[in-house]
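Observations on the model geometry
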Amino acid sequence: ILEHLGSFVVGHSSTGGSESSGSRRSQDSKQASKVPLQYLNILSRMSEFVESPAFSEKLVRAFLPLATKSCQGDSLSNVLLTCSRLLLNVPDTSSFIVPLSRLFGSVKERSARNYLCKAFQVVGDANPEYKQTAEAATELNSWETRRLDEPDFERRLDAFTACADILSSATVPSVILALVHNALFTLHQSADNIGLRDAACHFLYLLVKKLMAALAGPNGDVWAKEILNGVWMPALQQGVRSKSDTVRHEFVSLLSESVRSLAHSCPRLANLQSLHNADVEMDFFENIRHNQIHRRTNALRSLASRLDEGSVPAVTVATFILPLASAYLMVSSDHNLVTQAVAVLAAVAKQSPWSRYRSLLQRYLKLLVKGSEQQKTHIRVVVAILESFHFNVKNISASLYDEDSAPIATIPTVQAPAEQDAEDGDDGDQMEDEPAVQEADIVLARRIFMSLRREIIPELDSVLSRKSSGGGSHHLSQQETDNADLIICMPVALAIVKLFQKLPEQIMHNHLPSVLLKVCNVLKSRSKDVRDNARQSLVKISTSLGPRYLSWVIKELRSALNRGYQLHVLGHAVHAILDTLVASTSPGEIDDSMFSIMQVVKEDLFGEVASERESGKIADKFPEARASRSRLTLQLLAQIVSGEELQAVLTPIKEVLGATHSLKVVHCIEECLRHISLGLLANTGLTTGSLLVMVHGVCSANNSGLGMIAGKNKGSNFMPAPKEEKRPTRPEAYADHLLPKAPVRGVKAPGSSKLTNMHVMIEFSLQLLHTCFKRSSINVSDQEILQMLDPLCRLLTSFLSSQHIKLLSVSLRCLVHLLPLPLPAMHPQVSTIVDHLFKVLKEYSVAGAALGHNHEMVIAATKAMTTIVRNYKKYKITSRKLELLMMYVDEDIHDFSRKGTGFPLLKAILSRTLDETIVHSTMGKVLELVVTADVPTVQLNCRQAMMQYLLDYSLGKKIQKHVNFLLKHLEFDLESGRESVLEMLNMIFTRFPPAVISVNSGLFFVTIAPRLINDDSVTCRKLAALTIQSLLEKVEDKDKDSLFSIVLLWLNDKTLLLRRLGYQLASTFISMEGTVFERRLAKFLPLLLDTLQLPEDDEEDEDDVAEDAEISARDHVVFTALTCLVKLITKSRLLSSEKHTETMNSIWVAIQQLLRHPHAWVRLYSSRLIGYLFAHWPADKLLSDGDGERQQQRSASRKRSHASSEEVYLASSPLATVSRLARCFLSQLSSDEVSSELSQQVIKNLVYVARVLCVTNSTSSDATLADNTEDVDDVDEEEEAETVRLVDLAWLVKRMVRISKYEAGHNQRQAAKRTCILRWLAALTQILHEHGSLDTHLTSMLSPVITLVRDQTKVAGAELHSLAEAVLEEMRSKAGRELFSVAMNKAERSLREQRDKRRQQRLLQNVANPELAAQRKLKLNNAKKLAKKRKLNAKRENIKRERRRRK
C-alpha cells in the first residue's frame, strides 16, 4: 500500500509544471475539495508508517496545498495532523517555514490550529533559529485548562511581549512571518476581547516601526520590502474590508500609522498623506473610526470634498478608503452616514477612468437587478454614479449614433494611453503630438458612447421598466411588490435624464419623451406612495432640465393624464413642478407654456374636475382630489410671468367672472385673484410703478360699472371684456311650424349685466395696493411714486360711498396708508373722508353690528380717524366731535373683540393735549382698567396711555392720588391685576424724575417689599423684585443707606418671614451695588452667620417640639441666606479679602455642616458654595504655598493677638478639610434623592478633591487613615471632630466604584450617578496622566467602565454605553497600549472571578433553599411573558399605524 501512496497523493494534489501560480492555486483548491474525508482519514492513519525522509518530504509537499480555505473542518485537521507526523522524518524543514506561517492567517478551527502549532513546533525544533518563533506561536494559540472554551489570556499576552523581543532582533522575514500572521488572526478573531486586541495591535505597531527603520536606509532592506509588499499591504486591504466595526477601526488605525511611517517607501501609502491633519478633530483616520456617528459622517464628507478637489488620487482611495464607504452602505442605519458614503462613491466615480467607472456602475447594477434588502441604497448609489459621469461625449459625430450610417463593427476599440497607464500598466509608445492625442480622445469617446448605447442605457431602461415576476403569489401581494419596485426605480429616471444631458443633444431629444412618458404613466397608479414618488422624480427631472423643457413635460403630462381621477393628479403634478422650478426661473422664461398651464388650471377650478371634487366621493380614494392646488399654481405663474403675458393669466379669470352668476364661483375667483396678487408682489420682473399703473387702470376701467363716477372712461379699459359669440337663430317659419311659442308672463324678466361682478376686480387691485404698502414695497420718499399715488385719492374717496362692504373696507385700508403721505389731492378730501368715517362708525360700531367684514371696516375706519387726528393738525375737532370720539374710545376699550383700535385713537387725542372734562373722566376709567382688565393687551395699552397722560398733562397734586391708587391695589385679588400694577409702578420709577421718586422712596419700598414673600404668584414676586431694583437705581446713595437700615432691622427680627424677606432684599442690594456692598459687610456677615449656624438642639426639637411649618420656614430662610451668599461671592471680592477672615471661617464651617442638611436645595447651594471656594484656591497653590502663607499669617496675627482665629478656612489644614468635605460629597452622591444638578456639582467638587489628593500622593503617618471597609454614612460626626480622618485617592476611587455598582445592581434603568462617575473617571485619568501615577489606580478605575462596555442590553440607555466607550478610549490613549492591556487583563480577571463566585453561591443557594429558587424562577418567567406581551402589543400598534398611514 505504501508503494502506491505517493502516486495517489500526487494525482490528487500536483498540477502541471507549465501552469501559472494563479491557476495552480485555484486548481489546488479545487483538488482539495475533491478529496473525500474518508480518504484523508486513511492517509492520516497511513502516514504513521512512513519512515523514508525523501518520501515524507514528497508527501508533505503534496499535502500542504490541500490546506486551503476550501478545505475546512475535519479534512483540514487530518491534513495538518498528517503533515506534523511526516515532518518528523524530514531532515531539512526550513523550506516549510513560509507555507506553514501563512496558514496561521487562514486556519480558524481550534483543532486544526493545534495541529498546525505541532507541525510548526517540529520545524522549530529542527531549526534553532526558529525555535523562539515556534514557541511564541504555540503560546499565542494557548487555551485555558480549567475553562475549555476560553483562551489563556495571560499566556497569550506574555507571548505577545515575547514576540516584541523577537521582532526587535529579527533580520530575515521568515522569523517573524508566523508571528505577524498570528497577530493578524488574533486581531480578526478577538474583536470582543479588548486586551488581546490591543496586544495584537501593539505588536503590529512595532512591526510598522521596524519596517520604517529597516527601509530608512539608502536602498532599503530586502526582507522589509518583502514583508511590506507581500504581507502587510494585503493585510491592510483585507482588514479595512472587515464586516466588524471594531476590527475595521483597528486596521484603520494601523493604516494611519503606516501612512505616517512608511509613506516614503510605498507610493500607494504616500498618496494618503493628505488625509492626515495635526488637528485631531480634522484628521480623517481619527474621525472615521470615532464612536460618534457624526464624526464618521464628517470624515466621509471631508473625504468627498477632497476627492472633488483632486487632492487624493482616486486609485489609492479605491484600494483602501472605498471599502470603508461600501461597508457603511451595507450595515449602517444612520441616514446621514449612508448619504456621505454614497457621496464618497460618487466622488471616486467622478475621478475614475472609464474602465473602473464602468465596472463600478455594472457592479451595483447587478446588485440592483438581483434585489436585496439594501435595494434602496443600491438605487442611490447607481443614481450617484450616473450623476458623476464626467466623460466628454457631447460633441461626438452624429453618424456614430445613426445605426444605418455607421456600423458598430467598424468602430475601433483602442484604449486611450492615459487609461492604459492608469489601469493596465502597459509600456506602449505614447503619442506626443497634439493631433494624435485628440484622435485617442475621439476613439475613447466612441468606445464610451457605444458602451453606453449597448450595455448601460438598455440595462437602465430595463430597470426603469421592470416588474417583479409574480410566481404563485396572490394578486394583491404581487400588486404591492410591483408598487414597491416602481417606488424604488423612480430615481433611476432622473439619473437617465442627467446622463442624457451629457450626451449629444439629438440623443436627448430622441429619448427624452419616452422617459418622461414612462414617469407620467406611473402617475396613473392608484397607489398613493407610487404617485408621490413618481411626482417627486418628475419634479427633479423638470428641475434638472430647466424651464426650457417645461413645455415637453406639460405635453407628456396632458397626454398621459387625460380622464377621470387622472385630471386631479395632473393639477397636483403641475403645481409640484412649478413650485420647485420657480426658484430657478426668471420672469418670462416659461411664457411659451403659459397657455397650456392655464388650460389645466381653468379645468381644475371651473370645469368637471371641480364638480367631481365637490361631490367628495373621489376624495376618499385619491388625496389629490381633496383640495385643489391650482390657486397656488396661479400664484406661482404670477410670480414668474412677464408683463407682456400678464393678460394670459388674468383674461381667463375675467372671462369666467363675466359669465358666471354663481356666488360660489365668485368666491373661488376672489381666492384666485388673491393668490395672483401675492404672486405679482413677488415677481421681480414687475416694478412698483408698473403695479401702480395696473391698479389705477383696473380701478378706472371697472369704475363705470359701479355708477360712482360720472361719465365713461372710453379707451381706458385695462382688460376689455371678451366679445360674445352670436348664436345662429332659427328662422321664424321653422319656429311657427315646428314648435309653438313659449308662453310669457305679463312682467318682463330683469336683465343681467356683465359688469355685475366687476367690483371684484377693483377689490383685487386695491388689495394689491394695500399689500404693497404693508410689505413696504412702495418707496414713499420717491417723488415719482407719490405722483402715481396722487390720482388714487379721488378714486378711493369715491369708493367710500359703495354698497359693497369688502370694497369699502379695502378702500379704508388703502386710505390709512395714503393719509400720512404728502399728497396734494388728499387735503381737499379730508372733510369728505371724515364725514364718511363718522357715518361708518355710527352705523357699524354699535354692539352686535361689527361682525365679519363689518368688523374689519370699523377697524379700518378707526385707524383712518386716528391718522387724521394725529397728522392733520389744521383740522379742528369740535367739542361735539370730541365727545363722539371719546364715546367710541370708551366703547372700544371695554369691547375686547375690537382688537384695541380705540387706544391709538385715545393716544392721538392725548397728543393734542385737549383739556376737556371728558378726557379726564375717560382717563380715570383707563386707570381702573389698568387693574381690573382681564386681557393683558388691554392692560398694556391702558398703562401706556396712562403714562402718556401723566407725563404730558399738568396734573399737579393729582399725581399723588393716582400713585396711591396703584399702591392700594398691590393686594388686588386677581393675579393679572397685581402684575399690571407692579409693571405700572416700574414704568413710573423708570421715567419719572429722581427727585419725585426720592420723596416717597420709603413708602414705595415698604409697600412693595412684602410682595416678595406674601404674594402667591411667582410672576408677581419676580415683578416686585424688578420694581424694587428700578427704585434702587433711581434713588441716591443716602436714600439707599436708609433703605438698607430697614433691611437690617428685618434681618435682626426673630420672625422667620421677615428674615427671609431681608435676605431677598439684600440680594437685590448686592446685585445693584456689586463691590460697593463691601462697606456693609461688617454689619451683614454676622447676621448671615447667625442664620447659617443651626442650633445645637435643632435635631432634638425637630421631632418633638417644632412643627412642620416652622421647619419648612427655617429651611427657606437658610436657603435664601445661601443664595444671598452665592450672589455676594460672585458680585464682590469677598473670597480674596482678608478683612472678615474670622467670620468667613465660621461661615464655611457652617456650610460644611449644611452639606448633610435634609433639604435638597440647601445641600445643592452649599455644595455650589464649596465649589466657588475650590475655584478660588487651585490645588497646586493650596498645597505648595499653604505652609508659607500660614506662617506669615500666624506671625502677623500674633502681633494682633488673634493668631488662630484669622487663618483662612481651606488653607489652614488643607488635607484634613478636604477629607471632611470628601466624605460629605460622597454622602450626597450616595443619596437616593440626589438630583442631576446636585450630582454634577458634587462631581466637580470631587474632581478638585482628586486633584488635591493626587498632588499630595501620600497620607500623613500620624493621622488616622480611613477604613476602606466602612460605609460613608457610618462616620460619626463627634468622632470626626475629635480625630481628623484623612483619605487617600485609592479610597476615593473605591468608594466611587461602589456607588456605581450599587446603582447598577439596584436601579439599572437609572443612569444619573453612573454618568457622573464616568465623567469623574475621565477627569481623574487626565489628572493622573499629568502627574505620572495612572498605573497605580488604572485597574480599579477600569471595573465600572468594563461592566458598562460589556453590557449588550443597554438597559440604562445607549448614551451611557457610548460614554463608557469614550472613557475607555481616553484611558487607553493616556495609559499606553502595554500598560492598558495589563490593567485590562487584571480588571477582567477580577470581574470574571467575582461573577463565577456569585454563580457558585447562587447554585449553592438553589440547592439549600429550593423554594426560594422556584419563586425566583417563576418571577423570571412571568417577567419574560410580560415582556413578550409588550413586544407583541407594540408590534400590533406599529402595524395599525402603518395601515392608517397607507390609507
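What comes next is a walk through the structure.

Conventions used here
Residues numbered from 1 in each chain as written. Predicted model: local features only at pLDDT ≥ 70, side-chain atom pairs only at ≥ 80, totals over all residues. Heavy atoms only, no water. Helix = DSSP H or I, 4+ residues; strand = E, 2+ residues; numbered from the N terminus. Contact = heavy atoms within 4.5 Å. Core = buried A, V, L, I, M, F, W, Y, C linked by side-chain atoms within 4.5 Å. Buried < 20%, exposed > 50% of the residue type's maximum accessible area, 1.4 Å probe, protein only. Phe/Tyr/Trp six-rings, centres within 6.5 Å; stacked < 30°, edge-to-face > 60°. Patch = residues over 30% accessible without salt bridge, like charges linked within 9 Å, V, L, I, M, F, W, Y side chains within 5 Å. Areas by Shrake-Rupley, 256 points an atom, 1.4 Å probe, with all protein chains shown as cover. Salt bridge = Lys/Arg side-chain N within 4 Å of Asp/Glu carboxyl O. Lys, Arg positive; Asp, Glu negative; His and termini not counted. Charge placed at Lys NZ, Arg CZ, Asp CG, Glu CD. Axes fitted to C-alpha atoms, helices over the stretch in contact; angles between N-to-C directions. Left-handed = near helix turned anticlockwise from the far one by under 90°. Nonpolar A, V, L, I, M, F, W, Y, C, P; charged D, E, K, R; others polar. Expected span 1.5 Å × (residues − 1). Parallel < 35°, antiparallel > 145°, perpendicular 65-115°, else oblique.

Brief notes about the overall build of the chain
Check the secondary structure of the chain and you find 69 helices and 2 strands. When contacts within the chain are restricted to residue pairs at least 6 apart in sequence, long-range pairs at least 24 apart make up 72% of them.

A word on the side chain of serine 1343
Relative to the elements of secondary structure, serine 1343 occurs in helix H66 (residues 1334–1350). Non-local contacts of serine 1343, meaning those with residues more than four positions away in its chain, are made with Val1297, Lys1301 and Leu1391.

Focus on the nonpolar core
A general trend in soluble globular proteins is that nonpolar side chains are found buried together. Membership of the largest hydrophobic core comes to 433 residues, with the highest contact counts inside it found for Leu557, Leu789, Leu1092 and Trp1320. Among the elements that make up this core, the one with the highest residue count is helix H11 (residues 194–214) (12 residues). Those residues in contact with leucine 557, other than ones at most four positions away along the chain, are Cys520, Leu523, Leu538, Leu570, Ala573, Val574 and Ile577.

As for the packing of aromatic side chains
For the structure shown, the criterion picks out 22 aromatic pairs. When the centroid spacing of 5.5 Å and the interplanar angle of 85° are considered together, the rings of phenylalanine 104 and phenylalanine 120 count as edge-to-face. Separated by 16 residues along the polypeptide, phenylalanine 104 in the loop between helix H6 (97–103) and helix H7 (110–126) and phenylalanine 120 in helix H7 bring together distant segments of the chain. Judged by its relative accessible area of 0%, phenylalanine 104 falls in the buried class.

Points about a positive patch on the surface
The grouping of Lys1301, Arg1395, Arg1398, Arg1402 and Arg1416 at the surface amounts to a positive patch. No other element matches the 3 residues that helix H68 (residues 1377–1408) contributes to the positive patch. Among the residues examined, arginine 1402 registers a relative accessible area of 42% and is labelled partly exposed.

Things to note about the pattern of salt bridges
Going through the model one piece at a time under the given rule, you end up with 41 salt bridges. The salt bridge partner of glutamate 883 is arginine 880, with a shortest N-O separation of 4.0 Å. Highlighted residues: glutamate 883 and arginine 880, both in helix H41 (residues 879–894), separated by 3 residues, approximately one helical turn. On the basis of relative accessibility, which here comes to 43%, the residue glutamate 883 falls in the partly exposed class. Across the salt bridge formed by arginine 1350 and glutamate 1388, the nearest N and O atoms sit 2.3 Å from each other. One end of the pair, arginine 1350, is in helix H66; the other, glutamate 1388, is in helix H68, and 38 residues separate them in sequence. Through salt bridges that share partners, Lys528, Arg531, Asp532, Arg535 and Glu624 make up one connected network.

Structural notes on the packing of helix H27 (residues 565–581) against helix H30 (residues 630–640)
Relative placement of two packed helices is described by the angle separating their axes and the distance separating the axes. Running from amino to carboxyl end, H27 crosses H30 at an angle of 35°, the nearest separation of the two axes being 9 Å. For the element pair H27 and H30, the recorded crossing hand is left-handed. Across the interface between the two elements, Val574, His575, Leu578 and Asp579 of H27 pack against Leu632, Thr633, Leu636 and Leu637 of H30. Split into classes, the residues belonging to the contact of H27 with H30 amount to 5 nonpolar, 2 polar and 1 charged.

Remarks on helix H5 (residues 74–86)
Taking 1.5 Å of rise per residue, 13 residues should cover 18 Å, and H5 covers 18 Å from first to last C-alpha, within 8% of that figure. Judged by how many residues are buried, H5 sits mostly within the fold: 11 of 13 residues are covered.

Re the packing of helix H64 (residues 1289–1306) against H66
Relative orientation of the contacting elements H64 and H66 amounts to 10°, with a least axis distance of 9 Å. By the criterion of interaxial angle, the relationship of H64 to H66 is roughly parallel. Taking contact as the criterion, the partners of Leu1289, Ala1290, Val1293, Val1297, Ser1300 and Lys1301 in H64 are, on H66, His1337, Ser1340, Met1341, Ser1343 and Pro1344. Across the contact of H64 with H66, the residue classes tally to 6 nonpolar, 4 polar and 1 charged.

Brief notes about the environment of alanine 495
Topologically, alanine 495 is positioned in helix H23 (residues 475–501). Using a relative accessible area of 1% as the deciding quantity, one classes alanine 495 as buried. The sequence separation of alanine 495 and isoleucine 385 amounts to 110 residues, and the corresponding C-alpha distance is 8.8 Å. In contact with alanine 495, other than residues within four places in its own chain, are Val383 and Leu386.

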